[in-house]
Amino acid sequence: MKQFLNYINGEFVATDKTFEKRAPVSNQIIGMVHEAGLAEVDQAVTAAREALKGDWGKLTTVKRVEMLYAVADEINRRFDDFLEAEIADTGKPRSLASHIDIPRGAANFKVFADIIKNVPNETFQMDTPDGGKAINYAIRKPLGVIGVVCPWNLPLLLMTWKVGPALACGNTVVIKPSEETPGTATLLGEVFEKVGVPKGVYNVVHGFGPNSAGEFLTKHQGVNGITFTGETRTGEAIMAAAAKGVRPVSFELGGKNAAIVFEDCDFDKAIAGVTRSAFENCGQVCLGTERVYVQRPIFDKFVAALKAKAEGLKVGPPNEPGVGLGPLISAEHKEKVTSYYAKAVAEGATVVTGGGSPKMADELKNGHWVEPTIWTGLPETATVIREEIFGPCCHIAPFDTEEEAIALANNTTYGLATSVWTENIGRAHRMAEAIEVGLCWINSWFLRDLRTPFGGAKGSGIGREGGVHSLEFYTELRNVCVKL
Ligand SMILES: NC(=O)C1=CN([C@@H]2O[C@H](COP(=O)(O)OP(=O)(O)OC[C@H]3O[C@@H](n4cnc5c(N)ncnc54)[C@H](O)[C@@H]3O)[C@@H](O)[C@H]2O)C=CC1
Ligand SMILES: O=C(O)/C=C/C=C(\O)C(=O)O
């Protein structure tokens with residue numbers, strides 16, 4: 001049986017407390033995860049602190065950048081190993097993991113290596129009261145030890161999205177992968193070892209949140225900053241932990257994202273885009289669409305076309321050709337998603353398609369499968385329109401005017417992402433200006449340039465990462481004022 005070990009100070013570390021990792025496609029045990037206790041978390045944080053003072057802290061930026069390039073190259077060399085680990089953990093289609101998750105895992109190291117190499121320092125020359133001059137310049141110092149708390153939906157992509165810039169800036173990291181997806185973070189330990197990154201720079205501690213590795217890590221006073229992607233309620237708990245020691249946090253939290261489809265859109269592109277945004281990764285993407293608003297003249301045509309797309313999605317295991325929809329991550333998450341399916345019906349939804357669990361072959365029947373689901377006819381107060389479900393489902397409602405579409409999109413405590421579908425350029429810009437989100441896609445969805453600011457407005461997060469914005473979190477600026 002596979003053992004998922006912690007990775008602390010350059011060593012793979014077993015513990016005597018383990019928990020099961022089950023395959024989402026079959027619910028069969030695929031390995032045992034070694035849970036880190038207080039002692040292991042403390043060892044990992046101590047190792048990360050020591051590495052800051054040791055070889056890693058002394059490396060030049062050029063050398064550090066070379067190492068991060070080597071990490072990316074090694075991920076690409078072991079592409080298939082990462083692909084298998086990601087697929088085993090999540091059950092997502094091979095086509096998806098091989099196009100998005102693994103390439104982004106490597107890119108996250110290269111992009112931030114390039115950024116740190118090229119970022120200029122800020123300088124200001126000033127007049128001084130004695131009639132002379134002074135020059136100010138700001139230098140960037142690493143924040144220190146970064147606690148990285150990760151979710152299970154895009155495990156390698158989201159973990160490296162934080163580890164890449166953190167290390168590029170000269171920090172060290174202790175990662176707490178989701179208990180559901182221990183695979184790729186553990187494998188990355190082998191990559192760091194192979195490349196020769198000094199011990200203690202990259203550490204992984206496995207476990208759960210409360211009263212386990214997640215809580216131990218975020219409460220540890222040796223951690224200088226915490227970056228987290230996941231549920232808003234977890235963000236609140238982590239923020240409370242970070243308050244002690246007044247440590248900074250960077251949060252990317254939940255969403256209840258709207259797609260706005262105008263009658264002047266390119267219809268086929270809009271349908272293809274909303275199909276992806278509602279159902280990709282089985283709806284387990286924080287940027288995904290769970291609320292669709294369609295201008296009334298094309299409402300019926302749109303509902304019929306999205307229904308056809310949803311019904312055309314092949315549900316199945318990662319390696320089956322043509323599969324578009326994998327399983328949900330866990331039995332617990334399936335319970336949650338299907339409870340929303342039931343609530344939608346109880347609150348009076350018209351079920352356009354789906355609403356249940358598909359019949360699967362015998363070897364897959366215990367997997368966490370659900371049908372892609374579309375509802376119409378609910379009031380804006382309905383639970384499935386208000387709460388983040390994180391499943392392959394959406395509600396579609398009609399609207400008449402631009403103003404009404406804006407009000408509907410903004411009628412949520414979240415503010416992560418939106419997509420607007422229109423061929424009217426003026427309208428597109430007006431919508432981008434008015435919808436309260438961190439990310440607005442026009443005639444596209446999940447099109448990512450890693451240099452751009454990424455994060456949520458309102459309840460969807462704190463701060464922005466991406467490009468130079470990541471440096472704001474992962475470094476401290478020190479101003480140096482030189483009197484001439
Ligand atoms: N990207 C997103 O927006 C994501 C949202 N979710 C949503 O969250 C729901 C719950 O999924 P979970 O995996 O349980 O998400 P979660 O937010 O509870 O867990 C994410 C990470 O935080 C850790 N964690 C949990 N409680 C913690 C605490 N008190 N202190 C420190 N670390 C803690 C977990 O162990 C995991 O590594 C899902 O049903 C989904 O709706 C889940 C994953 C990603
Ligand atoms: O960084 C990206 O491109 C994707 C981010 C997606 C999430 O943060 C998520 O689904 O949680």
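Remember, predicted model here, so these are calculated numbers, not experimental data.

(A) The arrangement of the site of ligand 2 in detail. Of all residues adjacent to ligand 2, which total 13 residues, the nearest are Arg104, Asn153, Glu252, Cys286 and Arg448. Note that an oxygen atom of ligand 2 is positioned 2.8 Å from one of the side-chain N or O atoms of Asn153. One of the backbone nitrogen or oxygen atoms of Cys286 is found 2.8 Å away from an oxygen atom of ligand 2. Here ligand 2, which alone exposes 310 Å², has 99% of that area covered by the protein. Its residues assigned to classes, the shell around ligand 2 shows eight nonpolar, two polar and three charged. Viewed by domain, the shell around ligand 2 spans two of them, domain 1 (2–253 + 460–483) and domain 2 (257–449), each represented by three or more residues.

(B) Looking closely at the packing of aromatic side chains. Following the criterion strictly, the structure yields 14 aromatic pairs and no others. Between the aromatic rings of Phe262 and Phe399, the centroid separation amounts to 5.3 Å while the plane-to-plane angle is 85°, which identifies the pairing as edge-to-face. With Phe262 in the loop between strand S13 (257–261) and helix H10 (267–279) and Phe399 in strand S19 (residues 393–399), this residue pair connects regions lying 137 residues apart in the sequence. For Phe399, a relative accessible area of 0% translates into the label buried. Looking at Lys301, its charged tip hangs above the ring of Phe267, at a distance of 4.1 Å from the centre. Here the basic side chain of Lys343 rests over the ring of Tyr340, its NZ or CZ set 5.1 Å away from the ring centre.

(C) The arrangement of the domain arrangement of the protein in detail. Its domain assignment divides the protein into domain 1 (2–253 + 460–483) and domain 2 (257–449). Once you take the C-alpha centre of each, domain 1 and domain 2 turn out to be 31 Å apart. If you look at the interface, domain 1 gives 28 residues, while domain 2 gives 32 residues. If you sort the residues of domain 1 by the area they bury against domain 2, Val25, Trp152 and Ser460 come out on top, with a joint share of 25%. The interface formed by domain 1 and domain 2 holds zero salt bridges in total. At the boundary of domain 1 and domain 2, one finds seven residue pairs in polar contact (both at pLDDT 80 or more). Elements that contribute at least two residues to the side of domain 1 that touches domain 2 include exactly helix H4 (79–90) and helix H5 (94–118). Considering each element in turn, the side of domain 1 that touches domain 2 owes the most residues, five residues, to H5.

(D) How the structure looks around the UniProt feature "domain: Aldehyde dehydrogenase" (unreviewed entry) in the protein. Under the feature "domain: Aldehyde dehydrogenase" (unreviewed entry), the UniProt entry names residues 15–480. With 41% helix and 22% strand, the stretch residues 15–480 has end C-alpha atoms that lie 47 Å from each other.

(E) Representation of the UniProt feature "active site" (unreviewed entry) in the protein within the structure. On the UniProt side, "active site" (unreviewed entry) is annotated at positions that read Glu252 here. Here Glu252 is to be found in strand S12 (residues 249–252). Its relative accessible area of 7% is what places Glu252 among the buried residues. Dropping the residues within four chain positions of it, Glu252 is found in contact with Phe228, Thr229, Gly230, Cys286, Leu416, Phe454 and Ser460.

(F) Fine view of empty space enclosed by the protein. A complete count under the given rule lists seven cavities of 30 Å³ or more for this structure. Quantified by volume, the largest cavity comes out at close to 80 Å³. Looking at the largest cavity, the residues that line it are Arg104, Leu154, Leu157, Leu158, Trp161, Glu252, Val285, Cys286, Leu287, Phe446, Arg448 and Phe454. Here the lining of the largest cavity takes three residues from helix H6 (residues 155–168), the largest share from any one element. The residue makeup of the lining of the largest cavity, split by class, is nine nonpolar, no polar and three charged.

(G) Region of the structure containing the sheet that holds strand S1 (residues 2–4). Here we have three strands laid out as an open sheet, ordered S1-S5-S4, and mixed in their pairing. One side of each edge strand has no neighbouring strand; the edge strands of this open sheet are S1 and strand S4 (18–22). Within this sheet the neighbouring strands show an average axis-to-axis angle of 35°, counted without direction. In the sheet, S4 pairs with strand S5 (residues 29–34) via five bridges, with the strands oriented antiparallel. Note that in S5 the partner of Phe19 across the bridge is Val33.

(H) Geometry of the sheet that holds strand S7 (residues 133–142). One open sheet accounts for three strands, arranged S6-S7-S25; its pairing is antiparallel. Each edge of the open sheet is held by one strand with a lone partner, namely strand S6 (123–127) and strand S25 (475–483). Across the sheet, the mean angle from the axis of one strand to that of its neighbour is 25°, orientation sign disregarded. Pairing of S7 with S25 involves nine bridges; the strand directions are antiparallel. Among the inter-strand pairings, Pro142 is bridged to a residue of S25, identified as Thr475.

(I) Here's a closer look at the layout of surface pockets. Estimates place the volume of the largest pocket at around 1,400 Å³. Of all elements in the fold, only S4, helix H8 (213–219), strand S11 (225–229), helix H9 (232–243) and helix H12 (331–346) reach the threshold of two or more residues within the lining of the largest pocket. The leading source of residues in the lining of the largest pocket is H9, at six residues. A breakdown of the residues in the lining of the largest pocket according to their chemical character gives 20 nonpolar, 14 polar and 16 charged. Volume-wise, the second largest pocket comes out at about 310 Å³.

Basis of the calculations
- Residues numbered from 1 in each chain as written.
- Chains lettered and ligands numbered in written order.
- Predicted model: local features only at pLDDT ≥ 70, side-chain atom pairs only at ≥ 80, totals over all residues.
- Heavy atoms only, no water.
- Near = heavy atom within 4 Å.
- Polar contact = N/O pair within 3.5 Å; in protein donor to acceptor, adjacent residues only side chain to side chain.
- Areas by Shrake-Rupley, 256 points an atom, 1.4 Å probe, with all protein chains shown as cover.
- Nonpolar A, V, L, I, M, F, W, Y, C, P; charged D, E, K, R; others polar.
- Domains from an automatic or database assignment.
- Phe/Tyr/Trp six-rings, centres within 6.5 Å; stacked < 30°, edge-to-face > 60°.
- Helix = DSSP H or I, 4+ residues; strand = E, 2+ residues; numbered from the N terminus.
- Buried < 20%, exposed > 50% of the residue type's maximum accessible area, 1.4 Å probe, protein only.
- Lys NZ or Arg CZ within 6 Å of the ring centre and 35° of its normal.
- Contact = heavy atoms within 4.5 Å.
- Buried area = accessible area lost by both parts, 1.4 Å probe.
- Salt bridge = Lys/Arg side-chain N within 4 Å of Asp/Glu carboxyl O.
- UniProt positions renumbered as here; feature names shortened; annotations may be inferred.
- 1 Å grid on protein atoms, 1.4 Å probe; cavity = no way out; pocket = protein on both sides within 12 Å on 5 of 7 lines; lining within 4 Å.
- Points joined across faces, edges and corners; volume = space filled by probe spheres on them.
- Pairing = 2+ DSSP bridges.
- Axes fitted to C-alpha atoms, helices over the stretch in contact; angles between N-to-C directions.

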